[in-house]
Amino acid sequence: MKFKLLLFVCAILTYSKTLAQNRVKLEEKVQQLTDFTAKTSIIPLNLNRFKEYVKSPPRDYSFIVMFTAMAPSRRCAICQHVYDEYLLVANSFRFSQSYTNKLFFGMVDFDEGSDIFQMLRLNTAPVIMHFPAKGKPKPADSMDFERAGIHAEAIGKWINDRTDVQIRVFRPPNYSGAVAFTLLFVLVAAFLYLRRNNLEFLYNKQMWAVAALFFCFAMVSGQMWNQIRGPPFYHRTKTGPVYINSGSHGQFVLESYIVAALNAAVVVGMILMIESAGGVKGTEAKSPQEGKKRRFQSVVGLVLVCVFFSLLLSVFRSKTQGYPYSFLFK
């Protein structure tokens with residue numbers, strides 16, 4: 001009986017000593033991470049630091065880590081843009097009143113931490129992952145850029161969903177938009193003042209029709225989505241540049257220009273065919289030469305509609321491969 005009691009007391013003492021050692025080790029790790037954060041908002045991680053601070057217990061803090069490839073030789077155009085937004089979130093958290101030592105930001109560059117990429121089986125960049133204080137990362141702990149976007153506000157919201165830490169993003173003031181709008185307003189006002197005695201052009205229906213078409217092309221191509229989500233201009237890969245985003249929830253800036261140009265070509269073709277038939281009023285050709293001109297115009301319009309509308313369908317099919325009617329356009 002005494003032996004069992006002695007064994008129980010030894011187990012309790014060993015467990016208490018282990019807890020004390022873990023507590024001291026945890027305090028040291030948190031203090032070291034806090035000192036790192038005091039110098040830079042994003043802690044650069046190599047294999048040893050990643051194992052010690054992110055993977056190894058004890059931990060009572062969450063770690064947000066961005067995996068990227070910033071070297072120019074990697075040709076990752078989106079990496080720099082995502083890093084700038086990620087740095088904005090980290091700086092906002094570091095200098096905010098809600099700062100706590102329960103959350104830290106880190107970064108792993110492929111050229112300095114390729115072993116970490118292999119350990120986590122990552123073959124793409126950039127990736128932002130959340131490593132919780134307890135347990136292993138789940139699928140939701142990897143940020144989905146296509147659904148959430150890559151703006152700092154989207155990253156902050158995703159971090160709040162994973163850690164319950166609310167980060168208010170403080171974006172440096174950008175006066176370029178206000179300056180451009182003011183300059184445009186001044187130019188329009190000056191133009192109207194100089195033409196104040198001849199404002200008949202304001203009643204020109206064709207001018208307003210063209211302006212309305214350009215507005216429609218901009219909206220249909222996704223320019224508003226670009227302003228909200230801030231996607232990259234295009235994406236560079238090992239096989240070359242990619243201009244069309246393969247996902248149905250994302251796009252590139254250049255892709256929106258391509259879609260706008262295709263839509264404009266289809267509309268031009270439709271207008272040519274309508275005009276070749278006599279326009280809206282349906283006027284007949286006054287001479288054989290005008291008739292030949294209209295026939296040629298109709299052929300050109302038909303070619304434009306067929307070619308560029310088929311290209312639009314190709315872009316649509318490449319982005320929505322599971323669309324139920326895609327087999328009609330193969």
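Residues numbered from 1 in each chain as written. Predicted model: local features only at pLDDT ≥ 70, side-chain atom pairs only at ≥ 80, totals over all residues. Heavy atoms only, no water.

Caption draft 1: Representation of the side chain of Ser256 in the model. Tracing the chain through its elements places Ser256 in helix α10 (residues 253–276). Among the polar contacts listed, one links the side chain of Ser256 to the backbone oxygen of Val253, at a separation of 2.5 Å. Beyond its immediate stretch of four places on either side in the chain, Ser256 contacts Ser221, Gln223, Asn226 and Gln251. (Helix = DSSP H or I, 4+ residues; strand = E, 2+ residues; numbered from the N terminus. Polar contact = N/O pair within 3.5 Å; in protein donor to acceptor, adjacent residues only side chain to side chain. Contact = heavy atoms within 4.5 Å.)

Caption draft 2: Spotlight on the confidence of the model for the chain. When the pLDDT values of the chain are averaged, the result is 81; 85% of them are 70 or greater. In the model, residues 326–330 has pLDDT below 50 throughout and makes 5 contacts with residues more than four positions away in sequence or in other chains. (pLDDT = per-residue confidence, 0-100.)

Caption draft 3: Representation of the environment of Gln166. Tracing the backbone through its elements, the reader meets Gln166 in the loop between α6 (152–163) and α7 (176–194). A residue is classified by how much of its surface remains accessible, and Gln166, at 63% relative accessible area, is exposed. Placed 67 residues apart in sequence, Gln166 and Tyr99 show a C-alpha to C-alpha distance of 9.5 Å. Contact partners of Gln166, with chain neighbours within four places excluded, come to Ser98 and Asn160. (Buried < 20%, exposed > 50% of the residue type's maximum accessible area, 1.4 Å probe, protein only.)

Caption draft 4: Geometry of the nonpolar core. Grouped together as the largest cluster of nonpolar side chains are 27 residues, with contacts concentrated most on Ile64, Val89, Leu103, Phe105, Ile128, Ile159 and Ile167. With 8 residues, the single largest contributor to this core is helix α3 (residues 77–94). The residues contacting Ile167, other than those within four sequence positions of it, are Val89, Ser92, Phe93, Leu103, Phe105 and Ile159. One finds Tyr53, Val54, Phe63 and Phe131 within the second-largest nonpolar core, a separate group that totals 20 residues. (Core = buried A, V, L, I, M, F, W, Y, C linked by side-chain atoms within 4.5 Å.)

Caption draft 5: Representation of the pattern of salt bridges. Taken as a whole and assessed by the stated rule, the structure comprises 3 salt bridges. Here Arg162 makes a salt bridge to Asp141, at a shortest N to O gap of 3.0 Å. One end of the pair, Arg162, is in helix α6; the other, Asp141, is in the loop between β4 (127–131) and α5 (145–148), and 21 residues separate them in sequence. Its relative accessible area of 29% is what places Arg162 among the partly exposed residues. Look at Asp141 and you get buried, because its relative accessible area is 2%. Among the ionic pairs, Lys157 bridges to Asp161, the shortest N-O distance being 3.5 Å. One end of the pair is Lys157 and the other is Asp161, both in helix α6 and 4 residues apart, which spans about a single turn. (Salt bridge = Lys/Arg side-chain N within 4 Å of Asp/Glu carboxyl O.)

Caption draft 6: Spotlight on the packing of α10 against helix α11 (residues 288–319). Running from amino to carboxyl end, α10 crosses α11 at an angle of 150°, the nearest separation of the two axes being 7 Å. Relative to α11, the element α10 is oriented roughly antiparallel. Pair α10 / α11 crosses with left-handed handedness. Tallied by class, the residues present in the contact of α10 with α11 amount to 17 nonpolar, 6 polar and 4 charged. (Axes fitted to C-alpha atoms, helices over the stretch in contact; angles between N-to-C directions. Parallel < 35°, antiparallel > 145°, perpendicular 65-115°, else oblique. Left-handed = near helix turned anticlockwise from the far one by under 90°. Nonpolar A, V, L, I, M, F, W, Y, C, P; charged D, E, K, R; others polar.)

Caption draft 7: Fine view of the sheet that holds strand β3 (residues 103–109). Spatially, β1-β3-β2-β4 is the arrangement adopted by the 4 strands of the open sheet, whose pairing is mixed. The sheet is open, and its two edges are formed by β1 (43–44) and β4, each paired on a single side. Here strand β2 (residues 62–68) runs beside β3; their pairing, made up of 7 bridges, is parallel. Within β3, the residue paired with Phe63 across the bridge is Phe104. Along the sheet, helix α2 (residues 47–55) makes contact with β1, β2, β3 and β4, crossing β2 at roughly 150°. (Pairing = 2+ DSSP bridges.)

Caption draft 8: Representation of a nonpolar patch on the surface in the model. On the surface, a nonpolar cluster with roughly 860 Å² of combined accessible area is contributed by Leu184, Val188, Phe191, Leu192, Leu199, Leu202, Tyr203, Met207 and Trp208. For the nonpolar patch, the secondary structure elements donating two or more residues are α7 and α8 (205–221). If one sorts the elements of the nonpolar patch by residue count, α7 sits on top with 4 residues. As for its placement among the helices and strands, Trp208 is situated in helix α8. (Patch = residues over 30% accessible without salt bridge, like charges linked within 9 Å, V, L, I, M, F, W, Y side chains within 5 Å. Areas by Shrake-Rupley, 256 points an atom, 1.4 Å probe, with all protein chains shown as cover.)

Caption draft 9: Layout of the packing of α8 against α10. It is the contact of α8 with α10, at a shortest axis distance of 8 Å, that shows an interaxial angle of 135°. Considered as vectors, α8 and α10 are oriented oblique to each other. Taken as a pair, α8 and α10 cross one another with a handedness that is right-handed. Where α8 approaches α10, its residues Leu213, Phe217, Val220 and Ser221 are matched on the opposing element by Ser256, Val259, Ala260, Asn263, Ala264 and Val267. For the contact of α8 with α10, a count of residues per class yields 7 nonpolar, 3 polar and no charged.

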